[in-house]
Amino acid sequence: MNSGMQKLVIAAACLVVAVGGYFAVRAVWGQETPTEETSSVATSSEAKQVVVIYEEAKEDFVSASITPKNGGAYTVETSGDGWTVPELSGVTQYDTMVSTMVERLSRFEGYEKVADGVEDFSEYGLDEPDGSGVVNFEGGKSYTIDVGDETDDGYFYVTLRGSGTVYKATTGIRSYFITGKTTFISRSVFTGTQAGFQSIRLLHPGAEEPNDRELLLEQNLTEGTAEALNNTFSIQKPFYMIANESNMTDGLEDLCSIAASDVVTLTDETTDLSQYGLDNPQFTLEFTYQEEEDDEAQQITLYFGTLTEDNEYYVMREGVPLIYLLSKDICTYLDWTPRSISLDIPFQPMLSWIDHVTINVEGEEYRFYVQSDGTTASGVTFRGGELDFANFQRFYQVLISTGIVDYADKPEGAEPYLTITYTYRADKEKAEDVVKFYPINERRYFMETNGEGGFYVLATRIEKVVRDLDKVIHNETVTFTLN
């Protein structure tokens, strides 16, 4: 599915959810019979009661100034044919949620009337309200709403200031008067497609293993390797290797749709990032993203701070003045390490691209020239003589099938025991690749590709390469087993 179609499908899905939510609200809050002060609306098999506290035309709404329990005061104002929250300038707003708020504040409803003629509002937490709002309409009409304590059955006490009447209410109370303006902020941190990721860089400065502290992946894998047929990412740091995309599936899927569970706060120059662990992030994720070839590439950086008791990270996106909460369960890309996402066989140049292979071992040099048209290899010569090509193909598979085991450090002062140099055909315009193996001990060799490396291979594999080298030049049968 192309990106345009994906966006269309997502938009349609969002519309279905929004419309469904809208009608669900109308069903619960009795929008069908607005003329009576107290009205009954059937919902499923149960009748719900609502009390209209005040009612004005939505079209006459001018503004609302809300002082919520959390998040600071904010306003809602008309903007063109709709409404907006000016304090959220610079961040993506849910326009439909702002519109719904205007609708609810134009016809403000309670669940039931609790008391009339109230003089002491402290019993309801309305002497010092948790939230208040002044709602203004055309013609100079204005209403002041106070929100008090939460009731035992999950509602909130509200009053129209000056009325002496207390109601139970739910309409927008928690989101508008308790949570505040973050209610209207989009929870989407990033949305894209896998094909758009040009590079991905993961920094984990606190990782115990030094090789896990920086991981750099690049797409557009260099042609000429067998892995390029099935994998599109290569590891560039801490050393060059082919990435095993099957081990990256969950992480790539999570990267394509990064959505927060909540917006904690808006930030400014006074925000104390240390209380969220964002002054010294646990992880930094940077990626270059380009949707289409003609699009300008985006540089996106995410910072991951403290992991909460609810298993959520505090997260910031560079350039966006918000702190989000992101569930650890949808951050599987943070688990990537060079070892976890590399192929066990890290380097497999295609034989048809090779001009010649040079092997140096114990002071001797062996050079094999490949006969190829650049697409299909058909023969090989050694020191001027033809070799059994099928036998050489088996030897070549042994040569490029030495698998890594785990991290290792390059032994200081060691000289390579085995060096394999792959020189490519001139028409491929590709620099030669050099793979070296340094002895660590009797069981392990350190593997280095083009001057970089971080893993060891088993000595038994190196010993097999040397044995099979002798076999192939004497036209003795090479097998894949450790013979």
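1. Concerning the overall build of the protein chain
At step 1: Check the secondary structure of the protein chain and you find six helices and 31 strands.
At step 2: Here the contacts in the protein chain between residues at least 6 apart in sequence split such that 58% fall between residues at least 24 apart.
At step 3: As displayed, the protein chain offers around 23800 Å² of accessible surface, 46% of which is attributable to carbon and sulfur atoms.

2. Re the side chain of Asp 254
At step 1: Within the secondary structure layout, Asp 254 lies in helix α4 (residues 249–256).
At step 2: In contact with Asp 254, other than residues within four places in its own chain, are Asp 329, Ile 330, Cys 331, Thr 332 and Tyr 333.

3. Describing the packing of aromatic side chains
Two aromatic rings, taken as a pair, are described by how far apart their centres are and by the angle between their planes.
At step 1: As enumerated under the stated definition, the model contains 29 aromatic pairs in all.
At step 2: Lys 428 extends its terminal NZ or CZ atom over the ring of Trp 353, reaching a point 4.4 Å from the ring centre.

4. Points about the pairing of strand β19 (residues 283–289)
At step 1: Burial analysis of β19 places six of its seven residues in the buried class, the great majority of the element.
At step 2: Bridging between strand β13 (residues 197–203) and β19 involves six bridges; their strand directions are antiparallel. Paired with Ile 200 across the two strands is Phe 287, which belongs to β19.
At step 3: In this sheet, strand β20 (residues 298–307) lies alongside β19 in antiparallel orientation, the contact comprising seven bridges. The residue of β20 that forms the bridge with Thr 288 is Gln 299.

5. As for the nonpolar core
Side chains of nonpolar character tend, in soluble globular proteins, to be buried together.
At step 1: Core analysis: the biggest nonpolar cluster contains 109 residues, and Phe 304, Trp 336, Phe 368 and Tyr 422 have the highest contact counts within it.
At step 2: In terms of residues, this core owes the most to one element, helix α5 (residues 389–400), which gives seven residues.
At step 3: For Tyr 422, the contacting residues outside a window of four places in its chain are Phe 347, Pro 349, Ile 354, His 356, Val 357, Tyr 396, Leu 399, Ile 400, Glu 432, Asp 433 and Val 435.
At step 4: Core analysis: the second largest hydrophobic core is formed by seven residues, Ala 115, Phe 121, Tyr 157 and Val 166 among them.

6. Some words on the sheet that holds strand β16 (residues 241–242)
Across a sheet, paired strands are connected by hydrogen bonds in the backbone, their directions being either parallel or antiparallel.
At step 1: Strand order in the open sheet formed by nine strands is β16-β15-β14-β13-β19-β20-β21-β22-β18, with antiparallel pairing between adjacent strands. Each end of this open sheet is capped by a strand with a single partner; those strands are β16 and β18 (262–266).
At step 2: Set on the sheet, α4 makes contact with β13 and β19; between it and β13 the angle comes to about 105 degrees.

7. A few points about the pattern of salt bridges
At step 1: Counted by the stated rule, this structure contains 17 salt bridges.
At step 2: Among the ionic pairs, Arg 107 bridges to Glu 55, the shortest N-O distance being 3.4 Å. Here the residue Arg 107 occupies a position in strand β6 (residues 107–110), and Glu 55 occupies one in strand β2 (residues 46–55), the gap between them amounting to 52 residues.
At step 3: The class of Glu 55 is partly exposed, set by a relative accessible area of 37%.
At step 4: Ionic pairing is found between Glu 448 and Lys 410, a salt bridge with its closest N-O pair at 2.9 Å. Linking Glu 448 in strand β30 (residues 444–449) with Lys 410 in the loop between β27 (404–407) and β28 (418–424), this pair joins segments that are 38 residues apart in sequence.

8. Overview of the environment of Thr 402
At step 1: Position of Thr 402 relative to the elements: it lies in the loop between α5 and β27.
At step 2: Separated by 55 residues in sequence, Thr 402 and Phe 347 have C-alpha atoms that sit 8.8 Å apart.
At step 3: When sequence neighbours within four positions are dropped, the list of residues in contact with Thr 402 reads Asp 344, Ile 345, Pro 346, Phe 437, Val 457, Arg 461, Ile 462 and Val 465.

9. Brief notes about the confidence of the model for the protein chain
At step 1: Mean pLDDT for the protein chain: 86, with 87% of residues reaching 70 or above.
At step 2: For residues 1–47, every residue scores under 50 in pLDDT, and the model assigns this stretch 49 contacts once sequence neighbours within four places are set aside.

10. Points about the sheet that holds strand β31 (residues 452–458)
At step 1: Within the open sheet, the nine strands sit side by side as β26-β25-β24-β23-β28-β29-β30-β31-β27. Their pairing is antiparallel. Each having just a single partner strand, β26 (385–386) and β27 make up the two edges of the open sheet.
At step 2: Pairing analysis gives five bridges linking strand β29 (residues 433–439) to β30, with the strands arranged antiparallel. Bridged to Tyr 438 within β30 is Phe 446.
At step 3: Packed on one face of the sheet, helix α6 (residues 459–473) meets β23 (354–361), β24 (364–372), β25 (377–382), β28, β29, β30 and β31 and runs near 80 degrees to β31.

11. Some points on the side chain of Asp 212
At step 1: Mapped onto the fold, Asp 212 is located in the loop between β13 and β14 (214–218).
At step 2: For the buried Asp 212, which has no salt bridge, the nearest side chain bearing the opposite charge is Arg 213, at an N-O separation of 8.1 Å.
At step 3: Of the polar contacts made by the side chain of Asp 212, one reaches the side chain of Tyr 407; its length is 2.5 Å.
At step 4: Contacts of Asp 212, omitting those with residues within four sequence positions, involve His 204, Ala 207, Thr 337, Pro 338 and Tyr 407.

12. Observations regarding a negative patch on the surface
At step 1: Together, Glu 119, Asp 120, Glu 123, Asp 127, Glu 128 and Asp 149 make up a negatively charged patch on the protein surface.
At step 2: Among the secondary structure elements, Asp 149 is positioned in strand β9 (residues 142–150).
At step 3: Judged by relative accessible area, which is 32%, Asp 149 ranks as partly exposed.

13. Observations concerning the environment of Thr 151
At step 1: Assignment of secondary structure puts Thr 151 in the loop between β9 and β10 (156–160).
At step 2: Look at Thr 151 and you get buried, because its relative accessible area is 7%.
At step 3: Thr 151 sits 17 residues away from Lys 168 along the chain, and the two C-alpha atoms are 7.9 Å apart.
At step 4: Not counting residues up to four positions away in its chain, the partners in contact with Thr 151 are Phe 156, Tyr 157 and Lys 168.

14. Some points on the environment of Ile 145
At step 1: Summarising the element assignment, Ile 145 is placed in strand β9.
At step 2: Note: C-alpha distance between Ile 145 and Leu 105 (40 residues apart in sequence) is 9.6 Å.
At step 3: Among residues more than four places away in sequence, those in contact with Ile 145 are Tyr 54, Leu 105, Phe 108, Gly 131, Ser 132, Gly 133, Val 135, Thr 159 and Phe 177.

15. Brief notes about unusual backbone geometry
At step 1: In this structure, Pro 238 follows Lys 237 across a cis peptide bond, with omega equal to 10 degrees.
At step 2: The topology assignment puts Pro 238 in the loop between β15 (234–237) and β16.
At step 3: The backbone of Asn 450 sits at a positive phi, close to 50 degrees, despite the residue not being glycine.
At step 4: Take Asn 450: it is sitting in the loop between β30 and β31.

What counts and how
- Residues numbered from 1 in each chain as written.
- Predicted model: local features only at pLDDT ≥ 70, side-chain atom pairs only at ≥ 80, totals over all residues.
- Heavy atoms only, no water.
- Helix = DSSP H or I, 4+ residues; strand = E, 2+ residues; numbered from the N terminus.
- Contact = heavy atoms within 4.5 Å.
- Areas by Shrake-Rupley, 256 points an atom, 1.4 Å probe, with all protein chains shown as cover.
- Phe/Tyr/Trp six-rings, centres within 6.5 Å; stacked < 30°, edge-to-face > 60°.
- Lys NZ or Arg CZ within 6 Å of the ring centre and 35° of its normal.
- Buried < 20%, exposed > 50% of the residue type's maximum accessible area, 1.4 Å probe, protein only.
- Pairing = 2+ DSSP bridges.
- Core = buried A, V, L, I, M, F, W, Y, C linked by side-chain atoms within 4.5 Å.
- Axes fitted to C-alpha atoms, helices over the stretch in contact; angles between N-to-C directions.
- Salt bridge = Lys/Arg side-chain N within 4 Å of Asp/Glu carboxyl O.
- pLDDT = per-residue confidence, 0-100.
- Lys, Arg positive; Asp, Glu negative; His and termini not counted.
- Polar contact = N/O pair within 3.5 Å; in protein donor to acceptor, adjacent residues only side chain to side chain.
- Patch = residues over 30% accessible without salt bridge, like charges linked within 9 Å, V, L, I, M, F, W, Y side chains within 5 Å.
- Charge placed at Lys NZ, Arg CZ, Asp CG, Glu CD.

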